[in-house]
Every structure is written in structure tokens, then in C-alpha cells.
Amino acid sequence: MAVAPPAAVNTLRAPRADRAHTLHAGAWWLWALGLATAASRTTNVLLLALVVAVAGYVVAARRTDAPWARSYGAFLRLGLAVLVIRLVFAVLLGSPVPGTHVVVTLPEVPLPHWAQGVRLGGRVTAEGLVFALRDGMKLAALLVCVGAANALANPARLLKSLPGALYEAGVAVVVAMTFAPHLVADVARLRAARRLRGRADRGVRALLQVGLPVLEGALERSVALAAAMDARGYGRTADVPRAVRRATAALTLGGLLGVCAGTYGLMSAAGSGYGLWVLLPGLAAALAGLRLGGRRSVRTRYRPDPWDARAWLVAGSGIAVAALMIAASHYAPTPLDPPAFPLTTPTLPLWPALSVLLGLLPAVVAPAPAPAVREATA
């Protein structure tokens, strides 16, 4: 006889993702930005690999079959390409890190006197390669975190949740974000069609033959989207007093500058002391400006996405990862940023690693995607 689970277990169990149970898109972006902040605070290759693994596991567990969810693989390949390019530059152009372990010596090209400090070829050291590997992995981890947010958050629902003052800019950003996933889907569809016709789908010639239909489809989609937006009255604004407009512009511009400066301070080691104190006033000024700027918007929201307890848990997990990693960079800077010279074996610090593992919480509490339905055909 099957025993029914208790009510507490049913309450904690993640529901299926549908119209009634959809996680707020802003929660996914806060979670991803928290992981990206944690990745920016370290050059330890083991911690960076752990951040990438956490983001990939959450995407694999909570990704749907929507077109924008298929772009995660493209971000992974982009991160790998960035890593390879960084290593190639370190081999050809040298590295600022001194080294004693010579891996290979390339023929050096003599340069004129005005190009002093730049070299082509020469000695390639292991220390320089390790330094380039760490820099490349940090940038690749940032791209993977952005790709995770792009694959998990619905761009249309993110636009729906934007304040009225940012609605017009949000339309442009969301359209740009939606363009890349549809482009990836069109390329996959056309390559599959070429394989079914017995044609090659790899190589430069196949890429050129696929590129024209992809660009044509993107142009048709953009024209249709512009016509649909114009028919629905996008761009209408209400009249507000001039003093309110000036106050809105001053608060929004000053607040966003403070947010940018504070975010840079939090993500860089040099400005960690003033980052939080600049970020909080800037955020308050920006919110006040957005509140005033919302008076110009004449639109209404149909079925707004609620910010429930699961959204708080997902966003809070990313914020906790960022906060704990920033704190770890103060009391244990050496494990998070090991020196490239002399060469040392990377170690995985315990508490920063456990902090990164908090990013796995969305894989448990976020609504689970519905299983794919496969129709049997005769």
C-alpha cells in the first residue's frame, strides 16, 4: 500500500513550472549576477570551475524547452573560445608575469623602437600560461553565468516586470536578448534540414549557405515585431510637469552612476572598501527616479508575476554566494588569488567552496520544468 507523503513535504516540494507557478525572471538574474560576482573575486581555477559547474547543474535541472533556453550551449562555446584566445595571445605576445620554467621558445619578430614593451614570439613560460589561464577562466565563468540567466529567465516576463520608466529601454534590450536564442534555433533547424537532404552541414561553404536564410528570417521577424508593437500602441507617454521630468532625470542618472561605481567597487578588489557605501545611496536614488519616471507610462500589467518565497530563496542564494565570497576575499585572499610566480599547486579552500555550493539551491526550490511529452506515431 502506498503511503501519502505528509503535507509539509508537499509544501516544500517544487511545483511544476506552468502559468500559475513561474519563478520571477528577476530572481534568476539576481542569482546569476551573484555567481558572476563570486567568480570575479577569485582567480583560483578550482573555484572558477566550481562556479561553472553550479551554474550548469542548475540550468540542466530547471531549463525548459523554450527557444531562449537553448542558448546556454552557445555561451559555453563562447567562453571556451575566449579561454583559447587568451592562451593564444599569451603564447604569441608574451605575458607580464616573469617566469623561469620555459615551455617553448618561439622565433621572435624584431619590432621598431616605438613598439617597445610589445614582442612577437620569444620565450613562453609556464607561469605566463598559468596567468593567462586564470584570466581566461574568470571571463569565461562570467559569460557562463550570463548564459545561465539568459537560459532560465523568460525575456518577455522580464520585460513585463520592469518599472514603467525603463519600459522603452527594456523593450529594446529584451528584443536584443531574444534575437540570439532565435538565431541559434534557426541555425540548428537549417543544419538539420541540410543533413536530411544529404548535404554537408559543416565547413565554411555550409556556413555561408546557412547564413543567408538565417539573416533573412531575422529580418522578417524584426519587421513583424515592429508592426505588432506599433499596432499595440507602444511608445505612448503621458504629460508630466517639467520639474518632475528634471528631478526624474537627475535622480535616475545620478543613481545609475552610483550603482555602476558601487558595483565595480564590489566586483574589484581595489574598491571593495567603498563599493557598498556608494551602491546603497545610488540604488535609493535610482529607485526614486524610476518611481517618478513611471508616471509617464500609460500601460497596465496583466497578471503580474508575483515575487513569492521561492523567488526570495533563489535570489537570496545568489546574493549569499556573492557576499560570502567578498568576505572570504578579505580574510583569506591568498587561496582565492594564488600567485602565478612562483608556480604553486591550486588548492580548493573549504569555506569559499561551500559558499559557492549555496548556488545549487534553485535546483531544489525553483519550479521544475514539465516533462517533455512524446507522441507515439504509427
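Preceding block: the structure.
Residues numbered from 1 in each chain as written. Predicted model: local features only at pLDDT ≥ 70, side-chain atom pairs only at ≥ 80, totals over all residues. Heavy atoms only, no water.

**Here we look at the overall build of the protein**
Then, number 1: Helix and strand counts for the protein stand at 14 helices and two strands.
Then, number 2: Looking at the 378 residues of the protein, the share that counts as buried comes to 37%.
Then, number 3: Contacts in the protein between residues at least 24 apart in sequence constitute 80% of all its contacts with a sequence separation of at least 6.
Then, number 4: When the accessible area of the protein is evaluated, it comes to approximately 22400 Å², of which 68% is carbon and sulfur surface. (Helix = DSSP H or I, 4+ residues; strand = E, 2+ residues; numbered from the N terminus. Buried < 20%, exposed > 50% of the residue type's maximum accessible area, 1.4 Å probe, protein only. Contact = heavy atoms within 4.5 Å. Areas by Shrake-Rupley, 256 points an atom, 1.4 Å probe, with all protein chains shown as cover.)

**Thoughts on the nonpolar core**
Then, number 1: With 44 residues, the main nonpolar core has Leu23, Trp28, Trp31, Leu35, Ala55, Tyr72 and Val314 as its most contacted residues.
Then, number 2: Elements represented by at least two residues in this core include exactly helix H2 (25–40), helix H3 (45–62), helix H4 (72–93), helix H5 (126–152), helix H11 (309–331), helix H13 (350–357) and helix H14 (362–365).
Then, number 3: Broken down by element, this core gets its largest block of residues, 10 residues, from H2.
Then, number 4: In this structure Ala55 touches Trp31, Leu35, Tyr72, Val144 and Ala148, once residues within four positions along its chain are discounted. (Core = buried A, V, L, I, M, F, W, Y, C linked by side-chain atoms within 4.5 Å.)

**A look at a nonpolar patch on the surface**
Then, number 1: Together, Leu80, Val84, Ile85, Val88, Phe89, Leu92, Leu93, Val109, Leu111 and Leu120 line one region of the surface with nonpolar side chains, adding up to about 830 Å² of accessible area.
Then, number 2: Looking at which element gives the most residues to the nonpolar patch, the answer is H4, with seven residues.
Then, number 3: Its location among the elements puts Val84 in helix H4. (Patch = residues over 30% accessible without salt bridge, like charges linked within 9 Å, V, L, I, M, F, W, Y side chains within 5 Å. Salt bridge = Lys/Arg side-chain N within 4 Å of Asp/Glu carboxyl O.)

**Some words on the pattern of salt bridges**
Then, number 1: Evaluation of the coordinates by the stated rule reveals one salt bridge.
Then, number 2: Of the charged contacts in the structure, one is a salt bridge between Asp135 and Arg86, with a shortest N-O distance of 3.6 Å. On the criterion of sequence distance, the pair formed by Asp135 in helix H5 and Arg86 in helix H4 is long-range, its members being 49 residues apart.
Then, number 3: In this structure Arg86 comes out as partly exposed when scored by relative accessible area, which is 24%.

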